[in-house]
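Structural overview
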Amino acid sequence: MPKGYLTTHVLNTAMGIPGAGIRISAYQIFDGERLLRAEMTTNDDGRTDSPILPEGNFPEGSYELEFHVGDYIRQHFPEQGEPFFETIPVPFNSQDGDAHYHIPLLLSPFGYSTYRGS
């Protein structure tokens, strides 16, 4: 059984605080079709309380994390009106079923970045 697992966290880089209360959907991609595998919400530290896809449930393949940031941006940046981003999709490939993949999101009202963390 594969031992790899998937985690994330969200940081609000404009305010220097964790991105708490952001819903995240995890999809596995098969032949261009997205299969919902998990949904979680970030805690007060901007992380999920457990891995999004735990050990034994994260085989090699194509995935996408979708960060539902619209409500968070409305709450923290009301002066901007409607958010520039409603959702942020982050597609990636898992090439090692025994590895820990950590995909964080650094968020501001008009931009974001992501990377494979540790």
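Structure first, text after, so check above.
Report on the accompanying structure. No experiment lies behind these values; they were computed from the predicted model shown. (Residues numbered from 1 in each chain as written. Predicted model: local features only at pLDDT ≥ 70, side-chain atom pairs only at ≥ 80, totals over all residues. Heavy atoms only, no water.)

A few words on the pattern of salt bridges. Applying the stated rule across the entire model yields seven salt bridges. Across the pair Arg 23 and Glu 39 runs a salt bridge whose closest N-O atoms are separated by 2.9 Å. Note that Arg 23 is positioned in strand β4 (residues 23-30) and Glu 39 in strand β5 (residues 33-41), a separation of 16 residues in sequence. Classification of Arg 23 by relative accessible area gives partly exposed; the value is 36%. (Salt bridge = Lys/Arg side-chain N within 4 Å of Asp/Glu carboxyl O. Helix = DSSP H or I, 4+ residues; strand = E, 2+ residues; numbered from the N terminus. Buried < 20%, exposed > 50% of the residue type's maximum accessible area, 1.4 Å probe, protein only.)

It is worth spelling out unusual backbone geometry at this point. At Asp 31, a position not held by glycine, the phi torsion is positive, near 50 degrees. Note that Asp 31 resides in the loop between β4 and β5. We classify Asp 31 as exposed; its relative accessible area is 82%.

Let us look at the nonpolar core. Membership of the largest hydrophobic core comes to 25 residues, with the highest contact counts inside it found for Leu 6, Ile 52, Leu 65, Phe 67, Val 69, Ile 88 and Leu 107. Of all the secondary-structure elements, those providing two or more residues to this core are β4, β6 (61-68), α1 (70-76), β7 (87-94) and β9 (105-108). Ignoring sequence-local partners within four residues, the contact set of Ile 88 consists of Leu 65, Glu 66, Phe 67, Val 69, Leu 105, Leu 107 and Tyr 112. (Core = buried A, V, L, I, M, F, W, Y, C linked by side-chain atoms within 4.5 Å. Contact = heavy atoms within 4.5 Å.)

We now examine the sheet that holds strand β10 (residues 111-114). Strand order across the open sheet formed by four strands is β3-β2-β9-β10, with mixed pairing between neighbours. In the strand order of this sheet, the two ends are held by β3 (17-18) and β10, each with one partner. Pairing of β9 with β10, which is carried by four bridges, proceeds in the antiparallel orientation. When the sheet's bridge partners are listed, Ser 108 is paired in β10 with Gly 111. (Pairing = 2+ DSSP bridges.)

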